[in-house]
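# Breakdown of the fold
Chain by chain, the residues:
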Amino acid sequence: MVTDAIHGVIGNSPRMRELKHQISQVAGAEFPVLILGESGSGKEVVARAIHQLSPRKQAPFVGQSCLAIPETLIESELFGFEAGAFTDARERRIGLFEQAEGGSIFLDEIGDIPLSFQKRLLRVLQEREVRRLGSTEAVAINVRVMAATNAPMEQLVADGRFRLDLLHRLNTFEITVPPLRQRQEDIPALVEHFIAKHAARYGISSPMPGTAILERLKAFSWPGNVRELENFVVRWISLGEEALEILDKRVSLSFESQDISRRWLSMTMDEIEAEVIKLVLADCGNNKSVCAKRLGLARKSLYNKMERYGIPGVEPRKG
Ligand SMILES: Nc1ncnc2c1ncn2[C@@H]1O[C@H](COP(=O)(O)OP(=O)(O)OP(=O)(O)O)[C@@H](O)[C@H]1O
Ligand SMILES: [Mg+2]
């Protein structure tokens, strides 16, 4: 079996070969797949690869982050609505499940869907039909469901925040994407891939980093995983070796701390909180999941705080 070349999935380390093997195993099947892994590790890349290798590849792949939809809109976003279903519903809108007809739907951050909505989602998955908001009629759907999360699902179930029956419905097959620090051998190939990708996009070429730099990159922990490495490569393309400073910066943050604490004496708690959030965000390449984890916050609370303090980087709410 060819496991070297799977659409868009770079890396040939033992962990990645195993992952590609799993991708090709599940692609032909119809059952749901739950993709687990740290933020930025490539969960969506895996979902797209499964879709591309499946008999559904000609039909749409519809991806949506459940965290990005406000609780009140999740049902209409996924299932659609009829004209007049609510005040702003001027005309009928097809939901994401119907948009994915014949193909696959990818529900990212599934751990964040509101408890109040989980039962309705479960019913849709069981009965394979959706009911648009404001409609009494059910529409049959033929959609393969994939979901992803970096949340500890068992813990969410234990805390009563996620339904066990829904989890069982979603995790017929579980795939775990290993964090980048556990497959450092893949870093040169990923760097090469990202240089080519962004060189094509921006119309500039850039040399591969030399061996010594690649060794430094391999030794780095990459808390933001492949996404963080990609950000690094973008900087490398435009800045060259100066890009490496970002790796040093994490270390030097602690040296600035004396200055920071003196300034903090004249600040309110809110100002300090905002400053800490900005610092940690900058330190993890603007990766909100990693930032939330480091601050011991749920991602939602981080988003709320960012919104409250006017820190840019929160997607505007729809509707
Ligand atoms: N194995 C890989 N090969 C090529 N590109 C990759 C790979 N893994 C990740 N990437 C790239 O890294 C970035 C992040 O990947 P992706 O969005 O799939 O991560 P994720 O796990 O879904 O992150 P999040 O938890 O934040 O949703 C994307 O730009 C993606 O193209
Ligand atoms: Mg994702």
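What you see as residue numbers is a count from 1 along each chain, following the sequence as written. To read the labels, note that chains go from A and ligands from 1, taken in the order they are written. For a predicted model such as this one, the threshold for reporting local features is a pLDDT of at least 70, and the threshold for listing and counting side-chain atom pairs is 80 or more; totals across whole chains, interfaces and linings nevertheless cover every residue. Values reported for side chains reflect all heavy atoms of the structure, with hydrogen atoms and water molecules removed beforehand.

## Overview of the site of ligand 1
Note the following rule: If a single non-hydrogen atom of a residue is within 4 Å of a molecule or strand, that residue counts as near it. Any pair of N or O atoms that falls within 3.5 Å is considered a polar contact. Within protein, one atom must be able to donate a hydrogen and the other to accept it, and sequence-neighbouring residues count only if both atoms are side-chain atoms. Only the protein chains shown count as covering a residue, and every accessible area follows the Shrake-Rupley method with a 1.4 Å probe. Both cavities and pockets are sets of points on a 1 Å grid over the protein atoms alone; in a cavity a 1.4 Å probe fits but cannot get out, in a pocket the set is open with protein on both sides within 12 Å along at least five of seven lines, and lining residues sit with an atom within 4 Å of a point. In this scheme, a molecule is assigned to a cavity or pocket if more than half of its atoms are within 2 Å of the grid points. Here a strand is any run of E in DSSP of at least two residues, a helix any run of H or I of at least four, and the numbering for each starts at the N terminus. Domain extents, as shown, originate in an automatic or database domain assignment.
Near ligand 1, the surroundings consist of 20 residues, among which Ile10, Gly40, Lys43, Arg227 and Glu230 are the closest. Measuring from an oxygen atom of ligand 1, one finds a backbone N or O atom of valine 45 at 3.1 Å. Calculation on ligand 1 without its partners gives an accessible area of 630 Å², and the protein chains cover 86% of this total. Comparing atom positions with the cavity grids shows ligand 1 to sit within the largest pocket. Looking at the shell around ligand 1, the elements that each hand over two or more residues are α2 (43–53), α8 (187–202) and α10 (225–239). Per-domain counts for the shell around ligand 1 show at least three residues from each of domain 1 (14–178) and domain 2 (181–252).

## Some thoughts on the layout of surface pockets
The cut-off we apply is this: Grid points are joined across faces, edges and corners, and a volume is the space filled by probe spheres set on the points.
Each pocket or cavity is described by its volume, and for the largest pocket that value is around 960 Å³. Lining the largest pocket are 42 residues, with Gly40, Ser41, Gly42, Glu44 and Arg227 sitting closest to its centre. Those elements giving two or more residues to the lining of the largest pocket turn out to be α2, β2 (61–65), α8, α10, α14 (288–295) and α15 (299–309). In terms of residue count, the dominant contributor to the lining of the largest pocket is α2 (5 residues).

## Looking at unusual backbone geometry
Spelled out, the test is: The classification of residues rests on relative accessible area computed with a 1.4 Å probe and restricted to protein chains. Under 20% of the type maximum is buried, over 50% is exposed, and intermediate values are partly exposed.
Its identity as a non-glycine residue notwithstanding, tryptophan 222 has a phi of 45°, on the positive side. Positionally, tryptophan 222 belongs in the loop between α9 (211–219) and α10. Assessed through its relative accessible area of 1%, tryptophan 222 is described here as buried. Positive phi, close to 65°, is recorded for asparagine 286, a residue that is not glycine. Along the chain, asparagine 286 falls in the loop between α13 (269–283) and α14.

## Concerning helix α1 (residues 14–27)
The following threshold applies: Take the residue count of a helix, subtract one, and multiply by 1.5 Å to get its expected span. We call two residues in contact whenever any of their non-hydrogen atoms come within 4.5 Å of each other.
Counted at 1.5 Å a residue, the expected span for α1 with its 14 residues is 20 Å, and the 20 Å between its end C-alpha atoms agrees. Those residues of α1 hidden inside the fold are in contact with β1 (33–37), α2, β8 (144–149) and β9 (173–177).

## Some details on the nonpolar core
As a reminder of what qualifies: Put simply, buried Ala, Val, Leu, Ile, Met, Phe, Trp, Tyr and Cys residues joined by side-chain atoms within 4.5 Å make one nonpolar core.
Phe97, Leu107, Ile110, Ile113, Leu121 and Phe162 are the most contacted members of the largest nonpolar core, which has 31 residues in total. Every element with two or more residues in this core is listed here: β1, α3 (74–79), α4 (96–99), β5 (104–108), α5 (115–127), β8, α6 (153–158) and α7 (164–170). The greatest single-element share of this core, amounting to 5 residues, is contributed by α5.

## So, the environment of histidine 51
Its location among the elements puts histidine 51 in helix α2. Expressed as a C-alpha distance, the spacing of histidine 51 and glutamate 98, which sit 47 residues apart in the sequence, is 17 Å. Aside from chain neighbours lying at most four places away, what touches histidine 51 is Arg56, Lys57, Ala59, Pro60, Phe61, Gly103, Ser104 and Met146.

## Focus on the domain arrangement of the protein chain
Test applied: Accessible surface is computed with a 1.4 Å probe, and the buried area is the amount of it that two parts give up when combined, taken over both parts together.
According to the domain assignment, the protein chain consists of domain 1 (14–178) and domain 2 (181–252). Taken over C-alpha atoms, the centre of domain 1 sits 32 Å from the centre of domain 2. Each side of the interface is counted separately: domain 1 has 9 residues, and domain 2 has 10 residues. Of the roughly 750 Å² buried at the junction of domain 1 and domain 2 (both faces included), carbon and sulfur atoms supply 35%.

## Structural notes on the packing of α13 against α14
The axes of two packed helices give the description: the angle between them and the distance between them. For the record, the criterion: The angle between two axes is taken between their N-to-C directions and runs from 0 to 180 degrees, where each axis is a line fitted to C-alpha atoms and a helix contributes only its stretch in contact. Oblique is the label for any angle not covered by the other classes, which are roughly parallel (under 35 degrees), roughly antiparallel (over 145) and roughly perpendicular (65 to 115). Handedness of a crossing is defined here by the sense of rotation of the near helix relative to the far one, left-handed for an anticlockwise turn of less than a right angle and right-handed for a clockwise turn. Any residue that is not Ala, Val, Leu, Ile, Met, Phe, Trp, Tyr, Cys, Pro, Asp, Glu, Lys or Arg is counted as polar, Gly included; the first ten are nonpolar and the last four charged.
Where α13 contacts α14, the axes come no closer than 9 Å and their chain directions differ by 125°. On the basis of the axis angle, α13 is oblique to α14. Of the two elements, α13 crosses α14, and the hand of that crossing is right-handed. Between α13, through Val276, Ile277, Val280, Leu281 and Asp283, and α14, the contact on the second element is made entirely by Lys288, Cys291, Arg294 and Leu295. For the contact of α13 with α14, the class distribution of residues is 6 nonpolar, no polar and 3 charged.

## With respect to empty space enclosed by the protein
The tally for this structure, following the rule as stated, stands at 1 cavity of 30 Å³ or more. A volume near 40 Å³ is recorded for the largest cavity. Around the largest cavity, the lining residues are Cys66, Leu67, Ile69, Pro70, Glu71, Ile74, Asp112, Pro114 and Lys300. Of the residues assigned to the lining of the largest cavity, the class counts are 6 nonpolar, no polar and 3 charged.

## Remarks on the packing of aromatic side chains
The cut-off we apply is this: Put simply, two rings from Phe, Tyr or Trp (the six-membered ring, in Trp's case) pair if the centres are within 6.5 Å, and we call them stacked under 30 degrees between planes, edge-to-face over 60, tilted for the rest.
Under the counting rule described, the total for this entry stands at 8 aromatic pairs. Between the aromatic rings of phenylalanine 31 and phenylalanine 173, the centroid separation amounts to 6.1 Å while the plane-to-plane angle is 10°, which identifies the pairing as stacked. Taken together, the residues phenylalanine 31 in the loop between α1 and β1 and phenylalanine 173 in strand β9 connect sequence positions 142 residues apart. Classification of phenylalanine 31 as partly exposed rests on a relative accessible area of 32%. Overall, the relative accessible area of 21% leaves phenylalanine 173 in the partly exposed class. The interplanar angle of 80° and the centroid separation of 4.7 Å between the aromatic rings of phenylalanine 220 and tryptophan 222 together place this pair among those described as edge-to-face. On the accessibility criterion, phenylalanine 220 (12% relative accessible area) is buried.

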